[in-house]
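# A closer look at the structure
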Amino acid sequence: MASPQVAAALEEAGKSQDVTGYLNILENTKSTPNPDSVAADLTAFIDAVLTGNLGLVNTRTLVTDFIAALRALDNHDLWLQVGQHAIRTIPTTALSSSLLEQSAALRELVATAHEANEDFLDAAKMLSDIPLDSSQRRVGDAEKAAIWVRIVRNYLEVDDSTTAERYLNKLKNVMHDVADAELNLHFRAVGGAHPGLEPPDERLHTLAMAIKCAILAPAGPLRGRALAHLYKDDRSAGLEEHGILEKMFFDRLLSTAEVDKFAQGLAPHQLAKTSDGSTVLAKAVVEHNLLSASRLYSNIGFDELGLLLGLDGEKAEDTTARMVEQGRLVGSIDQIDRIIWFEGGDASGEKGSGRAETAVGKEMRRWDANVQALAEDVERLTDALQAEFPEFVAAQIAV
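Nothing here was measured: the structure is a model prediction, and the numbers come from that model.

Right, let's get into a negative patch on the surface. Together, Glu118, Asp119, Asp122 and Glu157 line one region of the surface with negative charge. Residue position: Glu157 is located in helix α8 (residues 141–157).

This part covers the pattern of salt bridges. According to the stated counting rule, one finds 13 salt bridges in the structure shown. Glu108 is the partner of Arg150 in a salt bridge, and the nearest nitrogen-oxygen pair spans 3.8 Å. Highlighted residues: Arg150 in helix α8 and Glu108 in helix α6 (residues 100–116), separated in sequence by 42 residues. Through salt bridges with shared partners, one network takes in Glu108, Glu115 and Arg150.

To continue, consider α6. Helical geometry: 3.6 residues make up each α-helical turn, so side chains three or four residues apart lie on a common side. Spanning 17 residues, α6 covers 24 Å between terminal C-alpha atoms, matching the ideal 24 Å at 1.5 Å per step. Against the buried residues of α6 lie α4 (56–73), α5 (76–89), α7 (120–128) and α8. Two residues or fewer after α6 comes Glu118, characterised by a positive phi angle close to 65 degrees.

A word on the environment of Leu80. Within the secondary structure, Leu80 is located in helix α5. Residues Leu80 and Thr112, spaced 32 residues apart in sequence, show a C-alpha to C-alpha distance of 9.3 Å. What Leu80 contacts, discounting residues up to four positions off in sequence, is Val110, Ala113, His114 and Asn117.

It is worth spelling out a nonpolar patch on the surface at this point. A cluster of nonpolar side chains, Leu253, Leu296, Tyr297 and Leu308, forms an exposed patch at the surface whose accessible area comes to about 340 Å². Along the chain, Leu253 falls in the loop between α13 (242–249) and α14 (256–263). Taking relative accessible area as the criterion, Leu253 reaches 30% and is therefore assigned partly exposed.

This next bit is on the nonpolar core. Tyr22, Leu42, Phe45, Phe66, Leu70, Leu106 and Leu171 are the most contacted members of the largest nonpolar core, which has 63 residues in total. When residues of this core are assigned to domains, at least three map to each of domain 1 (1–117) and domain 2 (118–194). Apart from residues no more than four positions distant in its own chain, Phe45 is found in contact with Leu10, Tyr22, Ile25, Leu26, Leu62 and Phe66. Judged by nonpolar contacts, the second largest core, of 20 residues, contains Ala210, Leu230, Leu245 and Leu266.

Before going further, it helps to spend a moment on the packing of aromatic side chains. Following the criterion strictly, the structure yields 6 aromatic pairs and no others. Between Tyr155 and Tyr167, the ring centres sit 6.3 Å apart and the planes meet at 15 degrees, which makes this aromatic pair stacked. Taken as a pair, Tyr155 in helix α8 and Tyr167 in helix α9 (residues 161–174) lie far apart in primary sequence, 12 residues in all. Taken individually, Tyr155 and Tyr167 each receive the classification buried, so the pair is uniform in this respect. Centre to centre, the rings of Tyr231 and Phe250 are 5.5 Å apart; their planes meet at 80 degrees, and the pair counts as edge-to-face. With Tyr231 in helix α12 (residues 221–231) and Phe250 in the loop between α13 and α14, the pair connects residues that are 19 residues apart, well separated along the chain. Through successive ring pairs, a cluster of aromatic residues spans Tyr22, Phe45 and Phe66.

Judged by which residues are buried, strand β2 (residues 331–334) turns out to be covered on both faces: Gly331 and Ile333 on one side and Ser332 and Asp334 on the other are all buried. Relative to strand β3 (residues 339–342), β2 runs antiparallel, the two being bridged by 4 bridges. Opposite Ile333, over in β3, you have Ile340 as the bridge partner. Count of turn residues in the β2/β3 antiparallel hairpin: 4 residues, of which Arg338 carries a positive phi of about 55 degrees.

On to helix α17 (residues 313–325). Between the first and last C-alpha of α17 there are 18 Å, a value that for 13 residues agrees with the 18 Å anticipated at 1.5 Å per step. Taken together, the buried positions of α17 are Gly313, Ala316, Glu317, Thr319, Thr320, Met323 and Val324. The arc that holds the buried residues of α17, viewed along the axis, is 165 degrees, so those residues lie on one side. Those residues of α17 that are buried are in contact with α15 (280–296), α16 (302–309), β2 and β3. Taking the backbone nitrogen of Glu314 as reference, a side-chain oxygen 3.3 Å away marks Asp312 as the first, capping residue of α17. In the stretch just after α17, Gly327 is the one whose phi turns positive, near 75 degrees.

A few words now on the pairing of β3. For strand β1 (residues 299–301) and β3, the ladder comprises 3 bridges, and the chain directions are antiparallel. Among the inter-strand pairings, Gly301 is bridged to a residue of β3, identified as Ile339.

Basis of the calculations
Residues numbered from 1 in each chain as written. Predicted model: local features only at pLDDT ≥ 70, side-chain atom pairs only at ≥ 80, totals over all residues. Heavy atoms only, no water. Patch = residues over 30% accessible without salt bridge, like charges linked within 9 Å, V, L, I, M, F, W, Y side chains within 5 Å. Areas by Shrake-Rupley, 256 points an atom, 1.4 Å probe, with all protein chains shown as cover. Salt bridge = Lys/Arg side-chain N within 4 Å of Asp/Glu carboxyl O. Lys, Arg positive; Asp, Glu negative; His and termini not counted. Charge placed at Lys NZ, Arg CZ, Asp CG, Glu CD. Helix = DSSP H or I, 4+ residues; strand = E, 2+ residues; numbered from the N terminus. Expected span 1.5 Å × (residues − 1). Contact = heavy atoms within 4.5 Å. Buried < 20%, exposed > 50% of the residue type's maximum accessible area, 1.4 Å probe, protein only. Core = buried A, V, L, I, M, F, W, Y, C linked by side-chain atoms within 4.5 Å. Domains from an automatic or database assignment. Phe/Tyr/Trp six-rings, centres within 6.5 Å; stacked < 30°, edge-to-face > 60°. Pairing = 2+ DSSP bridges. Arc of directions from axis to C-beta. Polar contact = N/O pair within 3.5 Å; in protein donor to acceptor, adjacent residues only side chain to side chain.

Scope: geometric values only; no functional claims are made or implied.
As structure tokens, then:
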């Protein structure tokens, strides 16, 4: 509850519709001798402004001044408490569609507080709610890029590489029109290629995090492009993760010892078990080794593949079927003969595009072509013998 002085002043300002009175209240609130009442006073102030029927121009001005006063207090707990209340309240007012700029500024302020408290997921969600593509609010490419860079960095902090990549793809569509040097450096940083960004320790830490996220990502064309980008970064050779990065980039099978060594550098939550009892790392390694096997074999039995992946035959079949169905592996499954046929080539990444229904038929056509070629060679040899040694052919060969 607001202090009695602020409550009385707000009531008087509301009766007289006096904007100057509201501004004086705001100024006095910033310098109140009782810091414990600041949150309640500011909350009462924003509620009074938003429900005071002051008109669009006055309301917008007072909300903007309120945000500036809140920012000047430089108290993260205050930003969270008061800022989140304002964010919840604005949409309930008739002027909400006219306060988009102010809502965006409040969300950025609250996100900054979350980042300071290392609540990176909450910060990312708060920033992602800022309307950047609304027809009611024009937003330049530089402003969009600044928000999306922060979102990507926050999702990388919690190792959510999938969501981070979605916003990184948005960044790629606008960065060619952004001239801001600092933003371009941050863009290269979150993309894993960021020469010249200081300090060096932060740069390498970000690169190492990006490599870990790429390694833990589901095997397929998207991860393949990320691995290529990271492997070609000259600085990755100096990181502990480089060995496993190189083997994944070249589609080589991973050994248990290599995986165990990599696991030692992961955070505890990255090794937590998923709903099926396996870890994200274990699942990523199985899918990678399956993809590597598809480069080595044109076909392989369920049980043989399971032995290669450290699974039973049924589990190997299920994993293959899922990757094929999701467009991350090109091939087909013969469940009668318990054989997996690999088509070869790169998958498209589009769901339903990985199944090659003609894989077995293609092998049969190849066999037929080889038999035909052999028959033609025998016929040519017979014709040559007949022309050179007709008596021998007549006596020895039935033509």
